[in-house]
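Close look at the chain arrangement
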Amino acid sequence: MVRLRGRIMLWLLAAFHLALSTTICLAKRAPWVMRISCGSRVDIHSPPTNALWYKDFAYTGGIPTNATLPSYISPRLKTLRYFPLSEGPNNCYNIRKVPKGHYSVRVFFGLVALPNFDNEPLFDVSVEGTQIYSLKSGWSTHDDQVFTEAIVFLTDGTASICFHSTGRGDPAILSIEILQIDDRAYYVGPEWSHGVILKTARRLSCGNKRSKFDADYSGDHWGGDRYWGSITTFGLGSDQAISTTRSIQLASSAPNFYPEALYQTALIGTDTRPDLAFTMDVDPNRNYSIWLHFAEIDPSIAGVKQRIFDILINGVPAFEEVDVARMSGDRYAALVLNTTVAVNGRSLTISLHPKEGSHAIINAIEVFEVVTTESKTLLEEVRALQTLKDALGLPLRFGWNGDPCVPQQHPWSGADCHFDGASSKWFIDGLGLDNQGVRGFLPNDISKLQHLQNINLSGNSIHGAIPSSIGTIATLEVLDLSFNFFNGSIPMSLGQLTSLRRLNLNGNSLSGEVPAALGGRLLHRASFNFTDNAGLCGIPGLPPCGPHLSSRAIVGIAFGATVAFVLMIICSMCWWKRRQNILRAQQIAARGAPYAKSRTQLSHDIQMTRHGHARTAAENGPSLLL
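For the structure given in this document, a descriptive report is provided here. Bear in mind the structure is a predicted one, so any value in this text is a computation, not a measurement.

The tally for this structure, following the rule as stated, stands at 22 salt bridges. Residues Arg106 and Glu177 are paired through a salt bridge, measuring 2.9 Å at the closest nitrogen-oxygen approach. Remark: Glu177 occurs in strand β13 (residues 172-181) and Arg106 occurs in strand β7 (residues 101-109); sequence separation between them is 71 residues. For the pair Arg106 and Glu177, a shared accessibility class is recorded, and that class is buried. Across the pair Arg202 and Asp144 runs a salt bridge whose closest N-O atoms are separated by 3.4 Å. Of this pair, Arg202 sits in strand β14 (residues 196-206) while Asp144 is found in the loop between β10 (130-134) and β11 (147-154), placing the two residues 58 residues apart along the sequence.

Below, the discussion takes up helix α3 (residues 379-392). Between the first and last C-alpha of α3 there are 20 Å, a value that for 14 residues agrees with the 20 Å anticipated at 1.5 Å per step. Regarding α3, the residues found buried are Glu381, Val382, Ala384, Leu385, Leu388, Lys389, Ala391 and Leu392. Where α3 is buried, its residues touch β28 (425-432), β29 (439-441) and β31 (461-465). Just beyond α3, the residue with positive phi is Gly393, at close to 60°.

Below, the discussion takes up the sheet that holds strand β12 (residues 158-168). Across the sheet, four strands lie side by side as β6-β12-β9-β10; this open sheet has antiparallel pairing. The sheet terminates laterally at β6 (90-96) and β10, the two strands that pair on one side only. Put simply, the sheet's adjacent strands are angled 20° from each other on average, direction ignored. Relative to β12, β6 runs antiparallel, the two being bridged by seven bridges. Opposite Asn94, over in β12, you have Ser160 as the bridge partner.

Reading the values: the criteria
- Residues numbered from 1 in each chain as written.
- Predicted model: local features only at pLDDT ≥ 70, side-chain atom pairs only at ≥ 80, totals over all residues.
- Heavy atoms only, no water.
- Salt bridge = Lys/Arg side-chain N within 4 Å of Asp/Glu carboxyl O.
- Helix = DSSP H or I, 4+ residues; strand = E, 2+ residues; numbered from the N terminus.
- Buried < 20%, exposed > 50% of the residue type's maximum accessible area, 1.4 Å probe, protein only.
- Expected span 1.5 Å × (residues − 1).
- Contact = heavy atoms within 4.5 Å.
- Pairing = 2+ DSSP bridges.
- Axes fitted to C-alpha atoms, helices over the stretch in contact; angles between N-to-C directions.

In structure tokens:
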């Protein structure tokens, strides 16, 4: 018995230590948080919670400038970043090293503090390729419209938040927050998880006189620092506000971690208007997830069965015979009810109709639009397009940022998209960048766009060789590279493109023999144009090709010809100089000819005289000297 008690004590002690260790570990773990102060050059802390905001250097493009805050709920920041249309219609913040998980993503908008500037731009916002919000006229005068918020799963280590110009002012962003929440938070049914984004439509604290964030309520960090707008009445004389200072059980619990103070205020019906009804504007033909919060804080209610009511959404019963005290387990205990409804019209009405006992009561309301996430473009094709963008030096006005195909309302200009139902992915089947003043070169990575059917890059200033890797794009039907500055030979691999029916390479600086496979294709009604390339040969309409010489041989021949030409010039100059010397000598000789003739005649006479004297002496005989 003693041993058994000892074992029990040891098990209990071990269990206690395990529980204590687990509690300590959980207590030490904090959610991942990233707050960005747009346009800021330094990291800053903002009042009243001393929250840390990181500078946004290297996250995106755009122009930093001073900000005007449109609302008192806006973060106390001094700068923003705006994106003029000249930098393209799509601009994104791409944040890396984000742990896989569930996040609340919130974006605050700002007003540019510059004279003669459009102070209320209208634009669209997307998260992870899914459009979640379109700013409406007058947003800067409504507290609940100066930001947008969405609950989303991030699974690939990055967060992409994009702003899409609609031609009505330059998007201006004050701040971005990415706040981790529990992976099970806001579960809305089987479709929940990676295929759904919950966009916050409304979040209200009933009976509260002041709007607050979770941080103002000293709420749990895992709650995502939600903003709760205050509402003191649903309609003049239709209800009354009540409050309590007593603690609320079951409030700040997983997975949603609602702040306890949220349940310490409420609205209840009156004797003249026992029903409660709240109406809000919504976008039609959407699904909405509705979260209703209750706690029996009315001191006149002593227990169960003293307040029972039905809840209707747009007149349709959603919950019947709701007894808050019974369903929460006690008075001063939190109760959360959730349902998802389809709304066809432009309004959503939540009605609470008493059935027994006292009037209806409600503490808080959350309404989310259920947004189906867009399927993304194949990652390897997105990367290939980014490489192509850099290699071609694509102008900023194209706005090739984010995902090329989604949101579908804002695809990239010059890239044609097609959806593959089998893989639930988008891919690129066409490139149309003709006559766009594009420079640079064509990279080998273009071959990673394996679904291309049409490439038109004509009328630009692209230079360099045609990459042989294009020959691996088996689906290619049209290739137009005309009127550029491509040089070198036509890759033999283009002959492997059996689907190719039109090939325009005219107006370049190509040379060498046209691949025989392409020449043979001309007999099968394919349309090929190789004109205005002085060095091409080998097919009808082009000069015949001579013996094939390697590039080194061609260089050697050119060098030899140059040397021979130089030697010829040197020899010609030597011959010319020698000829000039000869002519000069002849001229000098001609000028001295008379004098030479006189001297010659005198010499001849003297010689003849001497010859005469010799003949006389001979005739007379030798002279004898005595």
